[in-house]
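# Geometric and topological summary
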Amino acid sequence: MFPQNGGYPIVVYNTIRGLLAQGHQVTLISLDEKQVTDRHYKSDDILDSITYRHCSVNTDIGFLKGFTSLFTAAVPFIDKYFDERAEKLLIDELRKTDYDIVQFEGLFVTPYLNAVKKYSKAKIIYRAHNIEHQVWHRIAQRKADPFKRIYLMLLAKRIKDYEISQLSRFDGIIAFTDQDKNCIIEYGAKAPVEILPISIELDKYAPCTEKTEFPSLFFLGSLGWMPNLEGIEWFIDNFHADLTEGDLRVRFYLAGNDIPETFDDYEVPGKIYIQGEVDDALEFVNSKAIMIVPLLSGGGMRVKIVEGMAMQKCIISTSLGAEGIDYTHGQNIIIANTRTEFLNAIKRCIADEQYCRRIGENARKLVEERHNVTAVTNRLTGYYSQLIRP
């Protein structure tokens, strides 16, 4: 949840902001992955307005546990988020307070569903940040190593079975995209499914073109999320020579958390910069011109694209990366699904600054119309009201 350095925490944070602005009381129970607990971040004023409880959870799986899971029905990439201490913390909170709504953010926290059903009479909502098994299935399909492909296919099948079994246990379900809603209904979910797009506080996004390096390419995202890692590896493998020795006379900047040390080998002074985690993500985005989103797998709606649009960035994305966003190719985003399409898009963008600015300005208008936090929160609370109505 804190800091706001990835799509998941940004979505949750903005939802809380929207609910607080309408006068609702909010409690957040957060699972902190153990490996990040040694980092120190400045506090946030939102903590003074909500009840915030968190528990550090060791999410390391290890080779042995991952291997032995092949011979059991376990789903280690979900099971690893369950911790008895976190469950006790949750139960204590439910015993103290009667809630109208308890919302689960994504599949990885569903191991705590039994506790909520036992200790609360609240309506229980599931927000599907993506269709998780589809992410793993798409990654598996792209693996050249047959053993990795078989293992990931098996994992995707188990996640699918688990995911479908959980959908029927909720009173309401929220999806980000039409594609995800249709998939959820197809899997037999009986609860009403509402499509609510990602929302952001537009006041936080104040682009200033005077501080933007043109031309420049950039990617910002967590490489701890496998689809991001896969996509950026594809991009660098395909364009490293063009960026360093070929016709693409443009600097490329890669920033985000959990970037593997091996990526240092990609860095070329004056041409490719591997920057790692940046202190101010929006300042970084503002300082660069053309955003790339080369996603080849994954699902849901990409927060970084919505944020990039809010910052008036010219964005080149795969159609999968832009899924769920009501875009118009060539007007408020550029869609490229192959190496040739990416290359042609980059060449046109770096040669025409006015074209890039026009794309970015139209992108900002789209976000103002579709992703304003106030409008989306109104729809969210309307959905809640329908569910709790006697």
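What you are looking at is a predicted structure, and each value in this text was computed from that prediction instead of being measured.

Let us look at the sheet that holds strand 5 (residues 172–175). With respect to topology, four strands assemble into an open sheet ordered 3-4-5-6, the strand pairing being parallel. Two strands bound the open sheet, and with one partner strand each, they are strand 3 (101–105) and strand 6 (193–195). Within this sheet the neighbouring strands show an average axis-to-axis angle of 25 degrees, counted without direction. In this structure, strand 5 lies alongside strand 6, joined through three bridges in parallel fashion. Looking across to strand 6, one finds that Ala175 is bridged to Ile195. Across the sheet, helix 8 (residues 178–186) is in contact with strand 4 (123–128), strand 5 and strand 6; its angle to strand 6 comes to roughly 175 degrees.

Looking now at empty space enclosed by the protein. Empty space among the atoms becomes visible once a probe the size of a water molecule is rolled across them. Applying the stated rule across the entire model yields four cavities of 30 Å³ or more. Taken as a whole, the largest cavity spans an internal volume of roughly 110 Å³. Taken together, Val11, Thr15, Arg127, Phe176, Leu196, Pro197, Ile198, Ser199, Val376, Thr377 and Leu380 form the lining of the largest cavity. Among the elements that line the lining of the largest cavity, the one with the most residues is helix 14 (residues 373–388), at three residues. A breakdown of the residues in the lining of the largest cavity according to their chemical character gives seven nonpolar, three polar and one charged. Quantified by volume, the second largest cavity comes out at close to 60 Å³. Every residue lining the second largest cavity is listed: Phe218, Leu220, Leu282, Val285, Met291, Lys304, Glu307, Gly308 and Met311.

The subject of this paragraph is the confidence of the model for the protein chain. With 91% of its residues at a pLDDT of 70 or more, the protein chain shows a mean pLDDT of 90. Here residues 36–40 is modelled with pLDDT under 50, and outside its nearest four sequence neighbours on either side it reaches five contacts, counting other chains as well.

Let us look at the pattern of salt bridges. The tally for this structure, following the rule as stated, stands at 14 salt bridges. Put simply, Glu105 and Arg127 hold a salt bridge, and the shortest N to O gap is 2.8 Å. Of this pair, Glu105 sits in strand 3 while Arg127 sits in strand 4, and the two are 22 residues apart along the sequence. With a relative accessible area of 12%, Glu105 lands in the buried category. What you see here is one network of salt bridges that share partners, running through Arg17, Asp45 and Glu201.

Quick look at the side chain of Asn228 now. Relative to the assigned elements, Asn228 resides in helix 9 (residues 226–244). In contact with Asn228, other than residues within four places in its own chain, are Phe219, Gly221, Ser222, Leu223 and Leu295.

Within the open sheet, the six strands sit side by side as 9-8-7-10-11-12. Their pairing is parallel. The sheet is open, and its two edges are formed by strand 9 (272–276) and strand 12 (334–335), each paired on a single side. As paired elements, strand 10 (residues 290–293) and strand 11 (residues 314–317) share four bridges and run parallel to each other. Its bridge partner lying in strand 11, Met291 is registered against Ile315. The strands that helix 13 (residues 353–370) touches are strand 10, strand 11 and strand 12; relative to strand 11, the one it contacts most, it runs at about 85 degrees.

This part is about a negative patch on the surface. Together, Glu261, Asp264, Asp265 and Glu267 make up a negatively charged patch on the protein surface. Residue classification places Glu267 among the partly exposed positions, given a relative accessible area of 36%.

Let's shift gears to the nonpolar core. Counting residues in hydrophobic clusters, the biggest one holds 39 residues, and the most contacted among them are Phe104, Val116, Tyr126, Ile159, Phe170, Ile173 and Ile184. Contributions of two or more residues to this core are made by helix 4 (84–96), strand 3, helix 5 (113–119), strand 4, helix 6 (132–141), helix 7 (146–167), strand 5 and helix 8. Those residues in contact with Val116 that sit more than four places away from it in its chain are Leu90, Leu94, Val102, Phe104 and Ile124. In terms of nonpolar packing, the next biggest core, distinct from the first, is built from 34 residues, Leu217, Phe219, Leu223 and Phe239 among them.

Time to look at the packing of aromatic side chains. One pass over the full model with this rule turns up 14 aromatic pairs. Here Phe235 and Phe342 contribute two aromatic rings whose centre-to-centre distance is 6.1 Å and whose plane-to-plane angle is 65 degrees, an arrangement assigned as edge-to-face. Taken together, the positions of Phe235 in helix 9 and Phe342 in helix 12 (residues 339–351) put the pair 107 residues apart, joining distant regions of the chain. Summarising the burial analysis for this pair, Phe235 and Phe342 share the class buried. Here a set of aromatic residues connected by ring pairs shows up, and it is made of Trp234, Phe235, Phe239, Phe252 and Phe342. Cation over ring: Lys288 sits above Tyr253, and NZ or CZ is 4.4 Å from the ring centre.

This part takes up helix 11 (residues 303–310). When you tally the buried positions in helix 11, you get eight out of eight residues, the bulk of the element. For helix 11, every residue scored as buried is listed here: Val303, Lys304, Ile305, Val306, Glu307, Gly308, Met309 and Ala310. Tucked into the core, helix 11 has its buried residues touching helix 1 (7–21), strand 7 (216–220), helix 10 (281–287), strand 10, strand 11 and helix 13. At the exit of helix 11 stands Gln312, carrying a positive phi of roughly 60 degrees.

What counts as what
- Residues numbered from 1 in each chain as written.
- Predicted model: local features only at pLDDT ≥ 70, side-chain atom pairs only at ≥ 80, totals over all residues.
- Heavy atoms only, no water.
- Pairing = 2+ DSSP bridges.
- Helix = DSSP H or I, 4+ residues; strand = E, 2+ residues; numbered from the N terminus.
- Axes fitted to C-alpha atoms, helices over the stretch in contact; angles between N-to-C directions.
- Contact = heavy atoms within 4.5 Å.
- 1 Å grid on protein atoms, 1.4 Å probe; cavity = no way out; pocket = protein on both sides within 12 Å on 5 of 7 lines; lining within 4 Å.
- Points joined across faces, edges and corners; volume = space filled by probe spheres on them.
- Nonpolar A, V, L, I, M, F, W, Y, C, P; charged D, E, K, R; others polar.
- pLDDT = per-residue confidence, 0-100.
- Salt bridge = Lys/Arg side-chain N within 4 Å of Asp/Glu carboxyl O.
- Buried < 20%, exposed > 50% of the residue type's maximum accessible area, 1.4 Å probe, protein only.
- Patch = residues over 30% accessible without salt bridge, like charges linked within 9 Å, V, L, I, M, F, W, Y side chains within 5 Å.
- Areas by Shrake-Rupley, 256 points an atom, 1.4 Å probe, with all protein chains shown as cover.
- Lys, Arg positive; Asp, Glu negative; His and termini not counted.
- Charge placed at Lys NZ, Arg CZ, Asp CG, Glu CD.
- Core = buried A, V, L, I, M, F, W, Y, C linked by side-chain atoms within 4.5 Å.
- Phe/Tyr/Trp six-rings, centres within 6.5 Å; stacked < 30°, edge-to-face > 60°.
- Lys NZ or Arg CZ within 6 Å of the ring centre and 35° of its normal.

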